[in-house]
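Geometric and topological summary
Below, each chain spelled out in residue letters.
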Amino acid sequence: LESVRNDLQINISCWNNCVVSPTTVSFVNSIIDQTISVRASTRGSIDLSFTAHGADADRYDMPKDLIFYVTEPVSVVLTQEGRAFSLRVRVANPPTQALAVSVTCTGAPASSIAFDIGSLTAATKEIVIAGYANGKLLPVGPLNVSLVFNGPEAKSFSADTLQTVVTGSIQVSTANATVNSMTSMAFSTANSFNPTVYGSLQMTVACSEAMTTVSCDQRAFDVLSTGGAITTVTVYTGSENGRAHVRLSLIGAAAAFFTIDPVDIFVQAPVSVNLPKIVPTSDSTVFNVSFGAPVKNSLTLSMQVTGQLARIDPPSITLEEGATVAWFKLITDSRPN
């Protein structure tokens, strides 16, 4: 901690398959610190010892033997599929004796996740440790997973803490709609969520990508429920029929904890059959089928009639773009039926 008065040399020895360089360091004049490097050839403990020499050797108390552990890195891969987890643990060189591997978790979902205990032996380089959600609902949030080693060589192996996020999914349910009407989209999740801990979660809805006559009563709203139904959004339809592609986006501090898929709403136009009262003495009746919205591309309409005393002419009609009505003839027998 202060300059050496005269002369001090320290010899360093390294034991247990290691090499130190340099083996001697000198402290003269104003030098008060020196650096040595240690290279170990195998994992396990190494022992460094220090011996003082020189005119000032008696003035300094040499440190006791220092024992370090050279650890071998352990590869860990975490996989999550729904409520099931797995840890793939791999080492380059198996332990000489059995090495028990247990798992500790911290974070919001930790109390709801349990992992089995695995063991690496001299004959195994890789094991898979199964984990599962032991609660009915798996909370979302950040999760830290660490390995704990037990056995004679426990201090010779090390693994980094895995940082991951347990995500939940938001389900969207909706029904088909008709033109000039309304339907609703309901959002729900099976995962518990605490917005006071993880921050806000908002959803934005864009309903006008494919059809300009579809709109929502809300463009953005907060998702604050801890489970079950979150909220509903009313979707209004205009006079245009077809498929509306609704884009849903999550924003806010907790957006990374959930996933949500887009949803399609099929807006259907009504089709009415305008069949007048059939007079028994008539051998045919002309009627039409009208469409609540013009045909966009092409549409083939087939019609059948049951019974032996009548038939449709023609049995099918192909309508081109822009058509709104199709005409048929019902040919009947003169007998009442």
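The following paragraphs examine the structure supplied in this document.

**Here we look at the overall build of the protein**
A count of helical and extended segments in the protein gives one helix and 32 strands. Taking 337 residues into account, the globule formula puts the C-alpha radius of gyration at 20 Å, and the protein, at 39 Å, lies well above it. When the backbone C-alpha atoms are referred to their principal axes, the protein occupies close to 135 × 45 × 35 Å. In the protein, the share of contacts with a sequence separation of at least 24, taken over all contacts with a separation of at least 6, comes to 60%. Taken as a whole, the protein presents about 19,100 Å² of accessible surface, with 50% of it coming from carbon and sulfur.

**As for the sheet that holds strand 5 (residues 44-53)**
As a general point, the strands of a sheet are linked pairwise by backbone hydrogen bonds and lie either parallel or antiparallel. Spatially, the four strands line up as an open sheet ordered 3-1-5-6, and their pairing is antiparallel. Of all strands in the sheet, those bounded by a partner on one side alone are strand 3 (24-27) and strand 6 (66-70). For this sheet, the mean inter-axis angle between neighbouring strands, taken without regard to orientation, is 25 degrees.

**Remarks on the sheet that holds strand 13 (residues 126-133)**
In space, the four strands of this open sheet follow the order 8-9-13-11, with antiparallel pairing throughout. In the strand order of this sheet, the two ends are held by strand 8 (75-81) and strand 11 (113-115), each with one partner. Across the sheet, the axes of successive neighbouring strands diverge by a mean angle of 20 degrees, strand direction being ignored. Relative to strand 9 (residues 84-90), strand 8 runs antiparallel, the two being bridged by seven bridges. Residue S75 lies in a different strand from strand 9, and its bridge partner there is R90.

**Remarks on the packing of aromatic side chains**
As enumerated under the stated definition, the model contains three aromatic pairs in all. Ring centres 6.4 Å apart and planes at 50 degrees place the aromatic pair F149 and F157 in the tilted group. Both residues of the pair, F149 and F157, belong to the buried class.

**Here's the deal with the state of the cysteines**
One pass over the full model with this rule turns up one disulfide. A sulfur-sulfur separation of 1.7 Å characterises the disulfide bridge that pairs C14 with C18. With the S-S dihedral at roughly -120 degrees, the linkage between C14 and C18 falls on the left-handed side. Neither residue differs from the other here; C14 and C18 are each classed as buried.

**Thoughts on the side chain of Q9**
With respect to the helices, strands and loops of the structure, Q9 is situated in strand 1 (residues 8-15). Engagement of the side chain of Q9 in a polar contact is seen with the side chain of D7, the distance being 2.4 Å.

**A short note on the pattern of salt bridges**
Per the stated rule, a full pass over the model turns up six salt bridges. Taking the shortest distance from any N to any O, the salt bridge between E72 and R43 comes out at 2.6 Å. Residue E72 is located in strand 7 (residues 72-73), and its partner R43 is located in the loop between strand 4 (37-40) and strand 5; the two are separated by 29 residues in the primary sequence. For E72, a relative accessible area of 10% puts it in the buried group. Residues E126 and R90 are paired through a salt bridge, measuring 3.4 Å at the closest nitrogen-oxygen approach. Separated by 36 residues along the polypeptide, E126 in strand 13 and R90 in strand 9 bring together distant segments of the chain.

**Things to note about the pairing of strand 24 (residues 242-251)**
Where strand 20 (residues 202-206) and strand 24 come together, five bridges link them in antiparallel fashion. Within strand 24, the position partnered with V205 by the bridge is L248. Where strand 24 and strand 26 (residues 263-268) come together, five bridges link them in antiparallel fashion. For H245, the partnering residue across the bridge sits in strand 26 and is D264.

**A few points about the nonpolar core**
If you look at soluble globular proteins, the nonpolar side chains tend to sit buried side by side. One finds M185, F187, F193, L250 and F258 to be the most contacted residues of the largest nonpolar core, which totals 28 residues. Elements that contribute at least two residues to this core include exactly strand 19 (182-189), strand 20, strand 23 (228-237), strand 24, strand 25 (258-260) and strand 26. F85, L99, V103 and L147 belong to the second largest nonpolar core, which has 25 residues in total.

**What to know about the side chain of S49**
Along the polypeptide, S49 turns up in strand 5. You can call S49 buried: its relative accessible area is 13%. At 3.4 Å, the side chain of S49 forms a polar contact with the side chain of W15.

Reading the values: rules and limits
- Residues numbered from 1 in each chain as written.
- Predicted model: local features only at pLDDT ≥ 70, side-chain atom pairs only at ≥ 80, totals over all residues.
- Heavy atoms only, no water.
- Helix = DSSP H or I, 4+ residues; strand = E, 2+ residues; numbered from the N terminus.
- Rg over C-alpha atoms; globule rule 2.2 N^0.38 Å.
- Contact = heavy atoms within 4.5 Å.
- Areas by Shrake-Rupley, 256 points an atom, 1.4 Å probe, with all protein chains shown as cover.
- Pairing = 2+ DSSP bridges.
- Axes fitted to C-alpha atoms, helices over the stretch in contact; angles between N-to-C directions.
- Phe/Tyr/Trp six-rings, centres within 6.5 Å; stacked < 30°, edge-to-face > 60°.
- Buried < 20%, exposed > 50% of the residue type's maximum accessible area, 1.4 Å probe, protein only.
- Disulfide = S-S within 2.5 Å.
- Polar contact = N/O pair within 3.5 Å; in protein donor to acceptor, adjacent residues only side chain to side chain.
- Salt bridge = Lys/Arg side-chain N within 4 Å of Asp/Glu carboxyl O.
- Core = buried A, V, L, I, M, F, W, Y, C linked by side-chain atoms within 4.5 Å.

Limitation: the analysis is restricted to geometry and does not speak to function.
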